[in-house]
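Now for the letters of each chain:
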Amino acid sequence: MWGYDGRFPAPTSTHLHGGVTPPGSDGYPTDIVVPKGWRQPSGHSGHGGAPMPADVWQVSDLTKEYDYPMDQQAATLWYHDHRMDFSAPQVWRGLAGFFLVRDDEEERLPLSAGERDLPLMICDRAFDEDGSFRYPSLDPSLKGEPGVEDAYMDGVMGDVTLVNGAPWPELEVDAVRYRFRILNASNARRYRLAREPGGPLTQIGSDAGLLARPVELDAVTLAPAERAEVVVDFSRSKPGTEVLLVNTLADGRMRDVIRFRVARRARDESRIPSRLVDVEQLGRARVAAVRTFDFRLTRSGGSHAWTVNGHRFSVDRDLAAPRLGTVERWRFTSDFHHPVHLHLAHFQVEARDGRAPEAHERGWKDTVDVRPYETVDVLARSHGYRGRYMVHCHNLEHEDMAMMANFRVV
Ligand code: C2O
Ligand code: CU
């Protein structure tokens, strides 16, 4: 049961990102829970869009019961607000959290556990002098007109890095291996995370589950909403030294993410096995259909909008109708950085610009970093439930500006 404690002033919709969830509990943008006294839900399908008709809203007063059957493998999921037109400012204000799924297959692995298995939610935010969140909403009350000032069309970035809510934190660690479940919870910022001084990061998991085998990397790139599970081995660092995790895509203060202080030597019974879990290769499955989704800024007359296949979001347009249980090849093309996310359907990257993906992208995913003018092919399995789901850009400002579409599992 999710409800109001009386403080958050606006409607919410809660989406379990990466969850295999029935449609009525999936956090559809117009399926909202409203605070006391709320009248007249507004909805404009983003920047300058036409108001949405009243009958598209499904309104629950104060509380709504969400059904999460959790018939899925161990993975680092998260949940966040998905309210129509207002997800970006509401996630910015903190409506997001981790949701860790465990299973026996994972628990049998000799990976770091307990206090050495740590989720790290990384995001950038900005603050006013009084410590409140600063966000360029047209209407900061979150009650009236949605959207941000035109200068923020590409997405809103902050000038403070938070890890689990704390600005540029320090963590004391033992000189052993740690498993970090890293989430990029930023609205629009991408990260390329590396150790300083240099050293390997061993990726063992991606968005929707563990990889088949560990992959050793110099850096881990995460677009908004992507997750990477990474083992960091501090055993070669002398007690008393520091290891920084930095974002090599940023400069100055925003380059720093988190500082680890290696405190002492300690026993470490963990290992990184050379085989982690069985990952079914969708490349061997029959492809039931091929579809293309083009993410781009569409200009018409004097105005512009973030669109999918030329359309801004509309509740009653479905762009695809995959059959339950089938695998389809979905091709994403774009004009800009767009992290593309599918609800319900987990997928595997098949190709980037026609080339096979790197090893760390061969596991199960729910969000893929589509880079400017790139073509990304994924094999997606529509599993679990029939009904209406979404494919959308997870740059939250683009999402609020209607860069979303429905697909319907039939
Ligand atoms: Cu993480 Cu539709 O969202
Ligand atoms: Cu986008």
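1. Things to note about the packing of aromatic side chains
Each aromatic ring pair is characterised by the separation of its centres together with the angle its planes make.
Okay, so step 1: Tallied over the full model, the rule gives 16 aromatic pairs.
Okay, so step 2: Clustering of aromatic rings is evident, with ring pairs tying together Phe293, Phe295, Trp330, Phe332, Tyr389 and Phe407.
Okay, so step 3: Arg83 extends its terminal NZ or CZ atom over the ring of Phe86, reaching a point 3.7 Å from the ring centre.
Okay, so step 4: The ring centre of Trp168 lies 3.8 Å from the NZ or CZ of Arg253, which sits over that ring.

2. A few points about the domain arrangement of the chain
Okay, so step 1: Under the domain assignment, the chain is made up of domain 1 (2-105), domain 2 (114-264) and domain 3 (284-409).
Okay, so step 2: The C-alpha centroid of domain 3 is placed 20 Å from the C-alpha centroid of domain 1.
Okay, so step 3: Domain 1 puts 33 residues into the contact, and the matching count from domain 3 is 28 residues.
Okay, so step 4: For the pair domain 1 and domain 3, the summed buried area comes to about 2300 Å², and 60% of that belongs to carbon and sulfur atoms.
Okay, so step 5: Scanning the region where domain 1 abuts domain 3 turns up 0 salt bridges.
Okay, so step 6: Our enumeration of links across domain 1 and domain 3 arrives at 17 residue pairs in polar contact (both at pLDDT 80 or more).
Okay, so step 7: Mapped by element, the contributors of at least two residues to the side of domain 1 that touches domain 3 are β2 (14-17), β6 (75-81) and α1 (87-92).

3. Notes on the pattern of salt bridges
Okay, so step 1: For the structure on display, the rule yields 33 salt bridges.
Okay, so step 2: We note a salt bridge from Arg181 to Glu229, for which the minimum N-O separation is 3.6 Å. A residue pair is termed long-range when its members are at least 10 positions apart, and Arg181 in strand β12 (residues 177-184) and Glu229 in strand β17 (residues 227-233) qualify at 48 residues. No difference in accessibility class separates Arg181 from Glu229, as the two residues are buried.
Okay, so step 3: Glu242 is the partner of Arg259 in a salt bridge, and the nearest nitrogen-oxygen pair spans 2.7 Å. Of this pair, Arg259 sits in strand β19 (residues 256-264) while Glu242 sits in strand β18 (residues 242-247), and the two are 17 residues apart along the sequence.

4. A short note on the sheet that holds β12
Strand pairing within a sheet occurs via backbone hydrogen bonds; the two strands may be parallel or antiparallel.
Okay, so step 1: Spatially, 7 strands are ordered β10-β9-β8-β12-β17-β14-β15 in an open sheet, and the strand pairing comes out mixed. In this open sheet, the two strands that pair with only one neighbour each are β10 (166-167) and β15 (209-217).

5. What to know about the coordination of the copper ion (ligand 2)
Okay, so step 1: Within the protein, the atoms that donate to the copper ion (ligand 2) are His338 (ND1), Cys393 (SG) and His398 (ND1), at distances of 2.0 to 2.1 Å.
Okay, so step 2: Binding-site remark: the copper ion (ligand 2) is held by donors from one chain whose sequence spacing is H-x54-C-x4-H. Residue His338 is located in strand β23 (residues 338-342), and its partner His398 is located in helix α3 (residues 396-400); the two are separated by 60 residues in the primary sequence. The residues His338 and His398 share a single accessibility class, namely buried.

6. Points about the side chain of Asn247
Okay, so step 1: Structurally, the position occupied by Asn247 is in strand β18.
Okay, so step 2: Separated by 3.4 Å, the side chain of Asn247 and the backbone oxygen of Arg190 make a polar contact.
Okay, so step 3: Beyond its immediate stretch of four places on either side in the chain, Asn247 contacts Arg189, Arg190, Tyr191, Arg192, Met254, Arg255 and Val257.

Rules behind the numbers
Residues numbered from 1 in each chain as written. Chains lettered and ligands numbered in written order. Predicted model: local features only at pLDDT ≥ 70, side-chain atom pairs only at ≥ 80, totals over all residues. Heavy atoms only, no water. Phe/Tyr/Trp six-rings, centres within 6.5 Å; stacked < 30°, edge-to-face > 60°. Lys NZ or Arg CZ within 6 Å of the ring centre and 35° of its normal. Domains from an automatic or database assignment. Contact = heavy atoms within 4.5 Å. Buried area = accessible area lost by both parts, 1.4 Å probe. Salt bridge = Lys/Arg side-chain N within 4 Å of Asp/Glu carboxyl O. Polar contact = N/O pair within 3.5 Å; in protein donor to acceptor, adjacent residues only side chain to side chain. Helix = DSSP H or I, 4+ residues; strand = E, 2+ residues; numbered from the N terminus. Buried < 20%, exposed > 50% of the residue type's maximum accessible area, 1.4 Å probe, protein only. Pairing = 2+ DSSP bridges. Donors = N, O, S within 2.8 Å, 3.2 Å for Na, K, Ca; no water.

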